[in-house]
Every structure is written in structure tokens, then in C-alpha cells.
Amino acid sequence: MSRSTFATHTARVNDTQLAYTDEGQGRAVVLLHGHGYDRSMWDAQIPVLVDQGWRVVTPDLRGFGESEVTPGIVYTEEFAADVIALLDHLGLDSVVLVGFSMAGQVALQIVATHPERVAALIVNDTVPHAEDVAGRRRRHVGADGILTGGMPAYADRVLASMIHEDNVERLPEVARAVREMIAACPAEGAAAAMRGRAERQDFTETLRAWRKPALVVVGDGDAFDGGAARRMAELLPHGELAVVPRSGHTPNMENPADYDAALLRFLGSLT
């Protein structure tokens, strides 16, 4: 179940029920959560953005939070199709799209197939390349482990990678929130998404071709980055890079003040 403090709305899209938050009025910004997370990861950003005149939509992706679970495998293309269907349901022709981690790849899939629906792109602590053979194997083995060991054990195993290891002790409330969010995630949904990510396409050319505004955000201690954020910003013709200090893979929760400032600077440049 999602732990969002905001009202839950639901929509039937592509034969599945999606839960989402919809707050504020004005131009729309859509924030997509990562693997193992749900829409509550964005709760701190919603009032900040609404206060600046934005309409904020944060869905629980298929298999996560309060949305329906599709067991087996869910491909990046399916997540992208769900988001487009939700935009249709809400009557949103064009949005600012924010994708975190796994959903950064979903956002890039949307940019690749429905560029007209995205006015500006923000990719947050993600990587654009496809998996190699070893990476695909790791994803499938990881999905098997989730189904056999459960999400609480998975949450314990990955916590020090999802936030900076120093912040596990320095920010105990954040660490607890991230761990509880991941532990509560439906195991079948998480496993299906992990198998789908194993087969995702490479988005390097998508980045090169994107000529609208784009921001790449990364925590300065993101354990998964390996220089990917800087490379993405360089590939994007109009790409900007924002490095959030004192944070790991989830900078919007680890250092919301600096994260929000980077987000608002970029969004302000659009208006």
C-alpha cells in the first residue's frame, strides 16, 4: 500500500487500476517513482511545487503502491504506455516529466515514443544504457530472490545503496521511511518490473535526439551512478546537470532543500 499523505485517485488504464495523487493547478509536472518505491517518495515535493503554481501528478506505477499488480514480467514499454494512458485520462496533452531511477528509463521510453507529450524532461539518478548479458542475468536472479526471500529482506539488503550509507545513521527517519516503503512493496510487482528492466532498450540515441529542455539530477554519492549522470547531461543538446550534495541514490528524500532548489530553478527557467 502507498504511504502517501495525499488523497488517492484511481484510473483504469490498459486493463489495470492505477492509483495516483493529483494536487494543485496550472502547468502539470508528473513525478515517477523508482523500483521498490511508491508515489509517497514525492510527498515532500508536492507542496513545494503546488506553492509555485504547478499541478503535480504522482502515480503508483503498475505493481507498486496502491496500483494493481501484474505478475510475471512488466516491460519498460508497458509502464510508459500506462503513463500516457493516465495523461489521456487526465486530459494532459503535454507535461514536465520527472523519472527517478527505474522510472528515469520509463521517462526516456516516453520521450522515445511520445515526444510530443513531454514539454521538458528531468531524469533523476538513473542510467540510460541497456543491460549486457551479465546485467540481464543479475536482474532475473534478483527477481527470483525477491520472490523467494520477500521484500523486507530485499529492503534490508539494498538500503545502504538506496540512500548514502552515511545517511543510514545520520538521517534515521529517512532511512526508516525508505526501508519501510521498499519492504511494503508487492513482491510480485517488484519482481515483474525487475525482469522487464533486464530487457530494456538503450536510450543513448534518445538523449542525443532530445532537443527540448532537460535536467539531469544525481546525488553526489549515488552508488549506482558511475558517471552516468554527467554523460547524460553531455549527450543532451540542451542538458543541464544538478549534483545534490550529502545524498546518495534518493536525493529528494536525503537532501530535499538542495534537491527542491535545483528542481525549482529548472522549472522556473521554463516559465
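Anything mentioned here points back to the structure above.
Residues numbered from 1 in each chain as written. Predicted model: local features only at pLDDT ≥ 70, side-chain atom pairs only at ≥ 80, totals over all residues. Heavy atoms only, no water.

**Let's talk about the overall build of the protein**
Piece 1. When helices and strands are tallied, the protein shows twelve helices and eight strands.
Piece 2. Its C-alpha atoms give the protein a radius of gyration of 17 Å, within 12% of the compact-globule value 18 Å for 271 residues.
Piece 3. Its C-alpha atoms put the protein at 50 × 40 × 40 Å along the principal axes.
Piece 4. Residues classed as buried in the protein amount to 55% of the 271 residues present.
Piece 5. In the protein, 78% of the contacts between residues at least 6 apart in sequence involve partners at least 24 apart.
Piece 6. Accessible surface for the protein amounts to roughly 10700 Å². Of this, 50% is attributable to carbon and sulfur atoms.
Piece 7. The distance from the centre of the 25 positive side-chain charges to the centre of the 37 negative ones in the protein is 3 Å. (Helix = DSSP H or I, 4+ residues; strand = E, 2+ residues; numbered from the N terminus. Rg over C-alpha atoms; globule rule 2.2 N^0.38 Å. Buried < 20%, exposed > 50% of the residue type's maximum accessible area, 1.4 Å probe, protein only. Contact = heavy atoms within 4.5 Å. Areas by Shrake-Rupley, 256 points an atom, 1.4 Å probe, with all protein chains shown as cover. Lys, Arg positive; Asp, Glu negative; His and termini not counted. Charge placed at Lys NZ, Arg CZ, Asp CG, Glu CD.)

**Considering the environment of Glu165**
Piece 1. Within the secondary structure, Glu165 sits in helix α6 (residues 165–170).
Piece 2. Taking the C-alpha atoms as reference points, Glu165 and Pro152, separated by 13 residues in sequence, lie 18 Å from one another.

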